[in-house]
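# Topology and contacts: notes
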Amino acid sequence: MRLLLFVSVLCGLHGLRAADDFHATACEGAYPRHLQGICTDGKGCIYWCWTDALVKTDANGHVLKKVPVANHHGDLCYHDSRVYVATNLGKFNQPAGAADSWVYVYDADTLAKLAKHRLPELVHGAGGMEHHDGKFIVIGGLPPGVNENYLYEYDENFHFQKRHVLASGYTLMGIQTVAYANGAWWFGCYGKPAVLLRADEKFQFTGKWDFNASVGIAPISGGRFLLAQNTVIKGDDGKTKANEARVVIARPDEKAGLIIDKP
C-alpha cells in the first residue's frame, strides 16, 4: 500500500511541476519483444507497451510498475485513471476470421487488469487505440492489396458505433499507432520508409509523409508529441537479443509531418 501511494504521489508531483516535464528520455530496461506504443497520463507518467509486457515509468523513464500481459498487446491510451490497450490474440493482416480482437483495461496506478472487451468488428486484428471526445477509436491490421484503412469507433462502454474509411491508400500491415492532437488524428504505419498519416476531426484524409511514428506517438502540451523509437539489440549470432526504447520530442510540420527536436 505504501508503495502504491508513493507511485501515485510521484506522478502527481510531476503534474504539479508542469505538464512540460515530458522530455526526451529512455525507458529503463531491455525487453524480449519490441515496443508497440506509448501513452501518458498528462501528469508525469509514461506507459510503454512491449507486446507482452506493460510498463509504467516516470518522466525520466524509471520503472514504477511492470506486469506481463498477453501476446499481442499493441498501442494504448489513457483515460479517466485507466489504461486501455488494443489486443489481438489471433492473426493480423488476414481476411476476416483469423483475428481475435480485444481491448484490455488496466488500472493506471497499479496496472491491475480490470476488464476486457471483445471487438469482433476488427476482423484484421486490433493494433492501437485513442480516446477523444467521449469515444474510442481503434485501428489495426490490413491485408495486402486493400487501398484504404479502417477506423473503428466505440462509445465508452465499447458499444460499436461506426467504421470510418480513411482514404490513405495501402499501408503495410495497416495502422500501428494513433493519437489525437491539434485538431487532427495522427496515425503511425510500418513501411520502407515508414509512413505517417493525418486526418481531420471527421476522419477526412489530410496528409501523408515518410516519417516513422509506428512504435508510439502521444500528445503532450504545447502542440508537441512524445515520439517513441525502438532499438533492436542483436547477439553475436545476429539474432535479436533484446529491445530498448526511448522517447523524443516532435512538433508538427506541414512539409515533413513531424520534426524531431534536436537534443
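Above this text is the structure in question.
The paragraphs below set out a description of the structure included in this document.

Calculation criteria
Residues numbered from 1 in each chain as written. Predicted model: local features only at pLDDT ≥ 70, side-chain atom pairs only at ≥ 80, totals over all residues. Heavy atoms only, no water. Core = buried A, V, L, I, M, F, W, Y, C linked by side-chain atoms within 4.5 Å. Buried < 20%, exposed > 50% of the residue type's maximum accessible area, 1.4 Å probe, protein only. Helix = DSSP H or I, 4+ residues; strand = E, 2+ residues; numbered from the N terminus. Contact = heavy atoms within 4.5 Å. Phe/Tyr/Trp six-rings, centres within 6.5 Å; stacked < 30°, edge-to-face > 60°. Lys NZ or Arg CZ within 6 Å of the ring centre and 35° of its normal. Pairing = 2+ DSSP bridges. Axes fitted to C-alpha atoms, helices over the stretch in contact; angles between N-to-C directions. Salt bridge = Lys/Arg side-chain N within 4 Å of Asp/Glu carboxyl O. Polar contact = N/O pair within 3.5 Å; in protein donor to acceptor, adjacent residues only side chain to side chain.

Grouped together as the largest cluster of nonpolar side chains are 19 residues, with contacts concentrated most on Leu35, Ile38, Trp48, Trp50, Leu226 and Val247. For this core, the secondary structure elements donating two or more residues are β3 (45-49), β4 (53-58), β19 (225-234) and β20 (240-253). Look past the residues within four positions of Val247 in its chain and what remains in contact with it is His23, Ala24, Thr25, Ile38, Ile46, Trp48, Leu226, Leu227 and Ala228.

Now for the environment of Asp155. Secondary-structure assignment places Asp155 in the loop between β12 (149-154) and β13 (160-166). Between the C-alpha atoms of Asp155 and Lys135, which are 20 residues apart in sequence, the distance is 4.8 Å. If we skip the residues at most four places from it in the chain, Asp155 touches Gly134, Phe136 and Gln161.

According to the stated counting rule, one finds 11 aromatic pairs in the structure shown. Counting every residue linked through ring pairs, the aromatic cluster contains Tyr84, Phe136, Tyr154, Phe158 and Phe160. When the ring centre of Trp102 is taken as origin, the NZ or CZ atom of Lys116, which lies over that ring, is 4.9 Å away. Residue placement shows Arg163 over the ring face of Tyr150; its charged tip is 4.0 Å from the ring centre.

What follows deals with the pairing of strand β5 (residues 63-68). Of the pairings in the sheet, the one linking β4 to β5 comprises five bridges and is antiparallel in character. Looking at β5, one finds that Ala53 is bridged to Pro68. The antiparallel pairing of β4 with β5 creates a hairpin that spans four residues between the two strands, and Gly61 there sits at a positive phi of about 85°.

Bringing the sheet that holds β5 into the picture now. In space, the four strands of this open sheet follow the order β2-β3-β4-β5, with antiparallel pairing throughout. Looking at strand neighbours, the two that pair on one side only are β2 (37-40) and β5, the edges of this open sheet. Pairwise comparison of adjacent strand axes, ignoring direction, gives a mean angle of 15° for this sheet. Judged from the four bridges that link them, β2 and β3 form a sheet pairing that is antiparallel. Bridge pairing in β3 links Thr40 to Ile46.

Under the criterion given, the structure shown has six salt bridges. Between Lys135 and Asp133 there is a salt bridge, and its shortest N-O distance comes to 3.9 Å.

This paragraph deals with the sheet that holds strand β6 (residues 73-79). Strand order in this open sheet of four strands is β6-β7-β8-β9, and the pairing throughout is antiparallel. Looking at strand neighbours, the two that pair on one side only are β6 and β9 (113-118), the edges of this open sheet. Going from strand to strand, the sheet's axes swing by 20° on average, the running direction of each strand aside. Here β6 runs beside strand β7 (residues 82-88); their pairing, made up of five bridges, is antiparallel. Paired with Tyr78 across the strands is Val83, a residue of β7.

Before going further, it helps to spend a moment on the environment of His72. Its location among the elements puts His72 in the loop between β5 and β6. The exposure class of His72 is buried, given its relative accessible area of 17%. For His72 and Trp50, which are 22 residues apart along the polypeptide, the C-alpha to C-alpha distance reads 8.9 Å. In this structure, His72 is in contact with Gln36, Thr51, Ala86, Thr87, Asn88, Leu89 and Phe92, ignoring residues within four places of it in sequence. Polar side-chain contacts of His72 include one of 3.1 Å to the side chain of Gln36.

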